[in-house]
Amino acid sequence: MLTLGIDSGSTTTKAVLFDGEKIVKTMLVPTSATPKQSINYLYDQLHNEDVVYTVATGYGRELLERADKKVTEITCHAQGAAFLDPNVRAIVDIGGQDSKAILLDNNLNVIDFLMNDKCAAGTGRFIEVMMRILDEDLQHIDEFVVGKTPANITSMCTVFAETEIVSLLADGVDKGDIALGIINSICRRTSFFARKLNLYGSIFFSGGLANFEIFRKTLEKHVGLPVVTSPMSQYAGAIGAAVIGWRKAQKTR
Amino acid sequence: MELIKTLPDVFEEFSEQRRNSFMSAFEMKEKNIPFVGTFCTYTPTEIIMASGAVPVGLCSFSDETIPDAEQDLPRNLCPLVKSSYGFAKTQKCPYFYFSDLIVGETTCDGKKKMYEMLAEFKDVHVMELPNRQSVEGRKLWKQEVIALKEKLEEKFGVEITEEKVREQVKLSNRNRLALRHFYELMKLDPPPMAGLNLYGVLYGSSFKFNREKAIQEVNALTERIKKEYDEGSRPIPKRPRIMVTGCPIGGNAMKVVKAIEENGGNVVCYENCGGAKSVDELINEEAEDIYQAIADRYLNIGCSVMTPDSNRLKLMGRLLEEYKIDAVVEVVLQACHTYNVESYTIKRFVTEHNLPYMCIETDYSSSDIGQLNTRCAAFIEML
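It should be emphasised that the depicted structure is a prediction, and the values quoted were computed from it without experimental measurement.

Reading the values: the criteria
Residues numbered from 1 in each chain as written. Chains lettered and ligands numbered in written order. Predicted model: local features only at pLDDT ≥ 70, side-chain atom pairs only at ≥ 80, totals over all residues. Heavy atoms only, no water. Helix = DSSP H or I, 4+ residues; strand = E, 2+ residues; numbered from the N terminus. Rg over C-alpha atoms; globule rule 2.2 N^0.38 Å. Buried < 20%, exposed > 50% of the residue type's maximum accessible area, 1.4 Å probe, protein only. Contact = heavy atoms within 4.5 Å. Buried area = accessible area lost by both parts, 1.4 Å probe. Salt bridge = Lys/Arg side-chain N within 4 Å of Asp/Glu carboxyl O. Polar contact = N/O pair within 3.5 Å; in protein donor to acceptor, adjacent residues only side chain to side chain. Nonpolar A, V, L, I, M, F, W, Y, C, P; charged D, E, K, R; others polar. Domains from an automatic or database assignment. Pairing = 2+ DSSP bridges. Axes fitted to C-alpha atoms, helices over the stretch in contact; angles between N-to-C directions. Core = buried A, V, L, I, M, F, W, Y, C linked by side-chain atoms within 4.5 Å. Parallel < 35°, antiparallel > 145°, perpendicular 65-115°, else oblique. Left-handed = near helix turned anticlockwise from the far one by under 90°. Expected span 1.5 Å × (residues − 1). 1 Å grid on protein atoms, 1.4 Å probe; cavity = no way out; pocket = protein on both sides within 12 Å on 5 of 7 lines; lining within 4 Å. Points joined across faces, edges and corners; volume = space filled by probe spheres on them.

## A word on the overall build of chain A
Step number 1: If you tally the helices and strands in chain A, you get eight helices and 10 strands.
Step number 2: Taken against the 2.2 N^0.38 rule, which gives 18 Å for 253 residues, the C-alpha radius of gyration of chain A at 19 Å falls within 12% of a compact globule.
Step number 3: Overall, chain A is about 65 × 40 × 30 Å in size when its C-alpha atoms are taken along their principal axes.
Step number 4: Residues classed as buried in chain A amount to 58% of the 253 residues present.

Here it is as structure tokens:
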């Protein structure tokens, strides 16, 4: 018996199969301009006769009509993070188009959350845009900033930060220093935002950026609490969906 | 009085009342009955009614006129203030057009300064609302109530006798009681109607210019709903019971209520303007000094422009119990400093009652509907 969780995010769509104990399969595709196609594609790829329950989440969750249930990414992220590390009491997720902070109680239930969905600064999109200006590949960011001193990026807005970076480049500032400055800026902003919740315990860092050690380390420095992540963190929403699906399936049996 | 129509039709009629009353306003104007436009719950409408004029709430809940308003006003200003000004400037609000006088109050900074600009289009009378519900504040506010009376007497060439004022106080109290009995139906679990319908009736009833008839209609509606509920009708399923608080809502801002109800919650109580905040308290009809009684009643309103705003917490605390609230959603209109800052106190207050709280900052645009749905759904999943 398996359950399927699919997370339709703004940048990537992720899906996992869960057997009640572990994740047995994962898949990730770009969401692109056709979120409906992406979410249905993953469903077709992964759904088989062993799958008893499917939960869709993410901003495109309504686009999968064949899902048994649709649950918001807040609840799914929380359950996914708690599955990956039962010691976490808060989740900071930097997504493609928004960022969120979620607070859990000791029973791993969501008790409060915040979403920053008004502004691209402080989201994955911000770093994407900036790396494009620097003409560097985000995938190599960890190596790229080794031994660098962060440049000071003060603009609060993606568009203005872009202008600021262009002038830094014109002044001959090292690209690695600028990149580290950008990382600092995004992590500082995220920590201001997350600290509006009464954070305690360790914080689970999810979203695409959590794959890079430099983001985890910088965020930890700004939040002042241990920040943990998992190689599976990008799948946290999909995992949470599959875990919730598993509980639903147990109940209906 | 008995209702002939079905409940959905009655709800529909109430929610369309603002539009439907354009014609009756026009006819009343033809008969030389003056109109006085108002923007705020602090306006002592009894005085206006005692002058023989009709008080009417002016349009302020749509983004339609905001681009016009932004030609004169800063962009990062509260949408309610911008919308109000825009409707006035473009003459798109028929009630503004019909108004012989506009009454405003020195409530928030945005409104206060906007009224100065409004005075270029209309005769505007601004009442000086104190910031505190203190002895001095009560004294000042009573003077302002009397100043309004004098302004109306001069404007319309009438004499406002104490007898007329007392008569209108009684009528308004009956209106408040009718509305209160109506919204108290929401104490039932499951509630007998959707929160959207509840608001539609509260808002719509203020545009029924024959107050006596409005009271009868609201009472008849209450009786009908009660009767159908007693007979077993349950139009709304049992779901988490949500209180809405914060800035005045209505029009486009009702998207928040829609998002709550479409994602699994029942809005059973409005603490904000249009709901309990503006209706709950009665005026002491027997008071020796009726002007002081009117002043006291209005000044007691727990709006975030007051400092400290302890009456808001008092009312909220009572409503949380009476309506068996499961969670509170606060709506803050963008750039409304007083409600935005006060949301810190409200969050703490609600949390101390062991209830979940969520604050939504929004405006009149539809750009955040997707995010609103996610937030509300996640909040209700949490309950």
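The rest of the description comes next.
## Thoughts on the environment of Met-114 of chain B
Residues and elements named next belong to chain B.
Step number 1: Residue position: Met-114 is located in helix 7 (residues 109-118).
Step number 2: Note: C-alpha distance between Met-114 and Tyr-85 (29 residues apart in sequence) is 7.0 Å.
Step number 3: Sequence-distant contacts of Met-114, that is, excluding residues within four places in its chain, are made with Val-81, Ser-84 and Tyr-85.

## Describing the interface of chain B and chain A
Much of the literature gives interface size as the accessible area that the parts lose upon coming together.
Step number 1: With 13 residues of chain B at the contact, the number on the chain A side is 15 residues.
Step number 2: Summed over both sides, the interface of chain B with chain A buries roughly 1200 Å², with 51% coming from carbon and sulfur.
Step number 3: Here chain B is connected to chain A by one salt bridge.
Step number 4: Residue Lys-347 of chain B pairs with Asp-112 of chain A through a salt bridge whose shortest N-O separation is 2.8 Å.
Step number 5: Seen at the junction of chain B and chain A, the total is four residue pairs in polar contact (both at pLDDT 80 or more).
Step number 6: Of all the secondary-structure elements, those providing two or more residues to the side of chain B that touches chain A are strand 8 (357-362) and helix 17 (369-382) of chain B.
Step number 7: Among the elements that line the side of chain B that touches chain A, the one with the most residues is helix 17 of chain B, at eight residues.
Step number 8: By residue class, the composition of the side of chain B that touches chain A is six nonpolar, three polar and four charged.

## Details of the domain arrangement of chain A
Residue and element names in this part refer to chain A.
Step number 1: Entries for chain A in the domain assignment read domain 1 (1-85 + 233-253) and domain 2 (89-229).
Step number 2: Computed from C-alpha coordinates alone, the two centres of domain 1 and domain 2 are separated by 25 Å.
Step number 3: Contacts between the two partners involve 16 residues from domain 1, matched on the other side by 22 residues from domain 2.
Step number 4: Applying the counting rule to domain 1 against domain 2 returns zero salt bridges.
Step number 5: Sort the elements by how many residues they give to the side of domain 1 that touches domain 2 and helix 2 (residues 73-84) lands first, with nine residues.

## Looking at the sheet that holds strand 7 (residues 327-333) of chain B
Residue and element names in this part refer to chain B.
Step number 1: Taken together, the four strands give an open sheet; going across it, the order is 6-5-7-8, and neighbouring strands pair in parallel fashion. In this open sheet, the two edge strands, each paired with only one partner strand, are strand 6 (266-270) and strand 8. Between one strand axis and the next, the sheet turns through 30 degrees on average, direction left out of account.
Step number 2: With five bridges joining them, strand 5 (residues 241-246) and strand 7 adopt parallel strand pairing. When the sheet's bridge partners are listed, Met-243 is paired in strand 7 with Val-328.

## What to know about the sheet that holds strand 9 (residues 202-206) of chain A
Residue and element names in this part refer to chain A.
Step number 1: An order of 8-7-6-9-10 is seen for the five strands of this open sheet, with the pairing classed as mixed. Both edges of this open sheet fall to strand 8 (110-116) and strand 10 (227-228), since each of them pairs with a single strand only.
Step number 2: With two bridges joining them, strand 9 and strand 10 adopt parallel strand pairing. Among the inter-strand pairings, Phe-204 is bridged to a residue of strand 10, identified as Val-228.

## Quick word on the nonpolar core
Step number 1: By size, the foremost hydrophobic cluster in this structure holds 141 residues, and its most contacted members are Phe-113 of chain A together with Leu-118, Phe-182 and Leu-221 of chain B.
Step number 2: Three or more residues apiece are contributed to this core by two domains, here domain 1 (1-85 + 233-253) and domain 2 (89-229) of chain A.
Step number 3: For Phe-113 of chain A, the residues in contact, after removing those within four places along its chain, are Ile-74, Ala-101, Ile-102 and Leu-197 of chain A together with Met-358, Arg-375, Ala-378, Phe-379 and Met-382 of chain B.
Step number 4: Formed by 41 residues, the second largest nonpolar core is a distinct cluster that contains Phe-126, Ile-165, Ile-203 and Phe-205 of chain A.

## Regarding the packing of helix 1 (residues 7-15) of chain B against helix 10 (residues 195-205) of chain B
Residues and elements named next belong to chain B.
Step number 1: The interhelical angle for the contact between helix 1 and helix 10, taken along N-to-C directions, is 50 degrees, at an axis separation of 7 Å. The angle between the axes of helix 1 and helix 10 places the two elements in the oblique class. Considering the relative orientation of helix 1 and helix 10, their crossing is left-handed. Contact residues: helix 1 offers Phe-11, Phe-14 and Ser-15, while helix 10 offers Asn-197, Gly-200, Val-201, Gly-204 and Ser-205.
Step number 2: Tallied by class, the residues present in the contact of helix 1 with helix 10 amount to three nonpolar, five polar and no charged.

## Looking at the pairing of strand 2 (residues 12-18) of chain A
Residues and elements named next belong to chain A.
Step number 1: The buried fraction of strand 2 is high, at seven of seven residues.
Step number 2: Burial of the side chains of strand 2 extends over both faces: Thr-12, Lys-14, Val-16 and Phe-18 are buried on one face and Thr-13, Ala-15 and Leu-17 on the other.
Step number 3: Two strands pair when backbone bridges link them, and strand 1 (residues 2-8) and strand 2 are joined in this way by six bridges, in the antiparallel orientation. Bridge pairing links Gly-5 to Val-16 in strand 2.
Step number 4: In this structure, the hairpin formed by strand 1 and strand 2 is closed by a connection of three residues.
Step number 5: Bridge count for strand 2 against strand 3 (residues 23-30) is seven bridges, and the pairing is antiparallel. Counterpart to Lys-14 in the pairing with strand 3 is Leu-28.
Step number 6: Here strand 2 folds back onto strand 3 in antiparallel fashion, the turn holding four residues, of which Gly-20 has a positive phi close to 100 degrees.

## Notes on helix 2 of chain A
Residues and elements named next belong to chain A.
Step number 1: Across its 12 residues, helix 2 extends 16 Å between first and last C-alpha, which sits within 8% of the 16 Å expected from 1.5 Å per residue.
Step number 2: Among the 12 residues of helix 2, 10 are classified as buried, and the element is accordingly described as predominantly covered.
Step number 3: Inspection of helix 2 places Glu-73, Ile-74, Thr-75, Cys-76, His-77, Ala-78, Gln-79, Gly-80, Ala-81 and Ala-82 among the buried residues, and these make up the whole buried set.

## Focus on empty space enclosed by the protein
Residue and element names in this part refer to chain B.
Step number 1: According to the stated counting rule, one finds two cavities of 30 Å³ or more in the structure shown.
Step number 2: Roughly 50 Å³ of volume is contained in the largest cavity.
Step number 3: Elements represented by at least two residues in the lining of the largest cavity include exactly strand 8 and helix 17.
Step number 4: Partitioned by chemical class, the residues of the lining of the largest cavity number two nonpolar, one polar and five charged.
Step number 5: Put simply, the second largest cavity is a space of about 30 Å³.
Step number 6: Along its surface, the second largest cavity is lined by Tyr-183, Cys-269, Tyr-270, Gly-275, Ala-276 and Tyr-323.
Step number 7: Class assignment of the residues belonging to the lining of the second largest cavity gives a composition of five nonpolar, one polar and no charged.

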